Amino acid sequence: MSYGTVKLDPRENKVNNLNDEMNNLTIVDLKVDYSDQDIADCLKSALVDASVSKDALMNEYAPYLGVPRFNSAIARFYSKLTNRTLDPKSEVLVTVGASEALFATFSALSSPGDEWILIEPFYAKYEPQIKIAGAIPRFTALKPANSNENGNANNWVLDRNEIRNFINNNTQGIVFNNPNNPLGKSFTDNELKFIAELAISHKLWIISDQAHEFTLDTMTPIASMPGMFERTITIGTASKSFGVPSWRIGWAYGPAEVIRRLTYVQAQIIRSPSTPPQLALAVALEDEICNFNSSDTYLARARAHIKRKRAIMIEACREAGMLPVEPRGGSCLIVSWPGLSGIDLSPVSGRDRGEKFTNWMLENVGINSVSFNIFYGENHKPLGDDYLRFCYNKNDETLRLAAKNLLLLKEYVNNS
């Protein structure tokens, strides 16, 4: 088996240990939501300029809140999106990626026994981080409004009665990501209004993880809705927005008292993120501000780029006989395969049906993916057993190889 030039996650022993005689395949890694593409030249240049600067502050710890120029750029940029003026000195915190922003938020806002409502499917770090903070996750799943309409992510809707029934005196808040990762659903204004009304009436916190926000053409930040800035912690990341996961820069914005508490937690863990990448990203955001709503900014070009990749991946899956759940945003695609019903998974290794499906795909089709069921709480995992997640923010050669491998599925249908 040839690995070609496709990058593999070194943690995936089942990839590295596959018997070379099993198939003459080039394994394509669509499992991890990272890009195998180069950093944009404009961002490289900005980082080089910051790194070679004669400013001695570039070799110092950044202030606890972040490099002032970057905080100011974040505040100015999101002021345009939320229709309120953010204070960069009290309402914005720079973090080590979105994951650390989430950790600091759960740690700052949770006491033992508190409950957080998680909207499934969810980013896999939510549940363990809540438990580390001593709190309890409660799970409610998005489901297709009609069983015949599950081919579009926005047809998956909230179970409003279940969410209402979950709320009690221990409920701290509701956690969701918009657009949803991994489903790609963009929450409608009506859905956001429902969440906002619950937050206001029950005095709940809302954690709005918007890591993939700029893959959408338009989006209403829940923090921009009446009465919601005071109740919302909004989280973003340069990893997804600017394609620089190695820089490990994220941010959170929200009411000053909450940001103060997040800052205290972060200061005890890592003090503050690296200084030069913050200055480089300040330059990038300042360009976005100067050319706001232009089609010729980095974010606009990146959005067009990911939409093209999405179309390629959807077409490849359909050509192979798979059924994609078409997303509105994000960089992941959820797919099912009708031919799975004719495959005997009993000899395949795996803890459950979902993992067996992914291992079968790896060994027989050469696609490394992840089961959709890992994005659900334990009792709801069967909802994801028959779906896989493919990450498609990859270079064109990776997608070409993926499409070629997926066609092997047709042979299993024809021979069944």
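Up top is the structure these notes are about.
In this text, all values refer to a predicted model and were calculated from it rather than measured experimentally.

Caption draft 1: Examining the overall build of the protein more closely. The helix and strand inventory of the protein stands at 14 helices and 15 strands. Taken against the 2.2 N^0.38 rule, which gives 22 Å for 416 residues, the C-alpha radius of gyration of the protein at 22 Å falls within 12% of a compact globule. For the C-alpha atoms alone, the extent of the protein along its principal axes is close to 65 × 55 × 40 Å. Buried positions account for 55% of the 416 residues belonging to the protein. Looking at charge distribution, the protein has the averaged site of its 43 positive side-chain charges lying 3 Å from that of its 47 negative ones.

Caption draft 2: Broad picture of helix 3 (residues 68-82). Across its 15 residues, helix 3 extends 20 Å between first and last C-alpha, which sits within 8% of the 21 Å expected from 1.5 Å per residue. Considered for burial, the residues of helix 3 that qualify are Phe-70, Asn-71, Ala-73, Ile-74, Ala-75, Phe-77, Tyr-78, Ser-79 and Thr-82. Immediately beyond the C-terminal end of helix 3, within one or two residues, lies Asn-83, with a positive phi of roughly 60 degrees.

Caption draft 3: Spotlight on the packing of aromatic side chains. Scanning all chains against the criterion turns up 20 aromatic pairs. Between the aromatic rings of Tyr-78 and Phe-214, the centroid separation amounts to 6.5 Å while the plane-to-plane angle is 40 degrees, which identifies the pairing as tilted. Of the two residues, Tyr-78 sits in helix 3 while Phe-214 sits in the loop between strand 8 (205-209) and strand 9 (232-237), which places them 136 residues apart along the sequence. By relative accessible area, Tyr-78 is classed as buried at 1%. Here the aromatic rings of Tyr-123 and Tyr-126 are separated by 5.7 Å at their centres, their planes lie at 80 degrees, and the arrangement is edge-to-face.

Caption draft 4: Region of the structure containing the side chain of Thr-140. On the secondary structure map, Thr-140 appears in strand 4 (residues 136-141). At a separation of 2.7 Å, a polar atom in the side chain of Thr-140 contacts the side chain of Glu-162. When sequence neighbours within four positions are dropped, the list of residues in contact with Thr-140 reads Ile-117, Leu-118, Ile-119, Glu-120, Asp-159, Glu-162, Ile-163 and Phe-166.

Caption draft 5: Examining helix 12 (residues 353-365) more closely. The end-to-end C-alpha distance of helix 12 is 17 Å, a good match for the 18 Å that 13 residues give at a rise of 1.5 Å each. Helix 12 sits mainly inside the fold: 10 of its 13 residues count as buried. Sitting at the head of helix 12, Asp-352 places a side-chain oxygen 3.1 Å from the backbone nitrogen of Gly-354. Immediately beyond the C-terminal end of helix 12, within one or two residues, lies Gly-366, with a positive phi of roughly 75 degrees.

Caption draft 6: Expanded view of the packing of helix 11 (residues 298-319) against helix 13 (residues 396-406). With their axes 9 Å apart at the nearest point, helix 11 and helix 13 run at an angle of 15 degrees to one another. If you check the angle between helix 11 and helix 13, you find them roughly parallel. The hand of the helix 11/helix 13 crossing is right-handed. From helix 11, Arg-308, Lys-309, Ile-312, Met-313, Ala-316 and Cys-317 reach across to helix 13, where they touch Asp-396, Leu-399, Ala-402, Ala-403 and Leu-406. Here the contact of helix 11 with helix 13 is composed, by residue class, of 8 nonpolar, no polar and 3 charged.

Caption draft 7: Local environment of the sheet that holds strand 10 (residues 250-253). The mixed open sheet is built from 7 strands, whose spatial order is 2-10-9-8-7-3-4. The outermost strands of the open sheet, each flanked by one partner alone, are strand 2 (92-95) and strand 4. Pairs of neighbouring strands in the sheet enclose a mean axial angle of 20 degrees, with direction left out of account. In the sheet, strand 9 pairs with strand 10 via 4 bridges, with the strands oriented antiparallel. Along strand 10, the bridge assignment pairs Gly-236 with Trp-251. Each of strand 2 and strand 10 touches helix 3; the most contacted strand, strand 2, lies at about 120 degrees to it.

Calculation rules
Residues numbered from 1 in each chain as written. Predicted model: local features only at pLDDT ≥ 70, side-chain atom pairs only at ≥ 80, totals over all residues. Heavy atoms only, no water. Helix = DSSP H or I, 4+ residues; strand = E, 2+ residues; numbered from the N terminus. Rg over C-alpha atoms; globule rule 2.2 N^0.38 Å. Buried < 20%, exposed > 50% of the residue type's maximum accessible area, 1.4 Å probe, protein only. Lys, Arg positive; Asp, Glu negative; His and termini not counted. Charge placed at Lys NZ, Arg CZ, Asp CG, Glu CD. Expected span 1.5 Å × (residues − 1). Phe/Tyr/Trp six-rings, centres within 6.5 Å; stacked < 30°, edge-to-face > 60°. Polar contact = N/O pair within 3.5 Å; in protein donor to acceptor, adjacent residues only side chain to side chain. Contact = heavy atoms within 4.5 Å. Axes fitted to C-alpha atoms, helices over the stretch in contact; angles between N-to-C directions. Parallel < 35°, antiparallel > 145°, perpendicular 65-115°, else oblique. Left-handed = near helix turned anticlockwise from the far one by under 90°. Nonpolar A, V, L, I, M, F, W, Y, C, P; charged D, E, K, R; others polar. Pairing = 2+ DSSP bridges.

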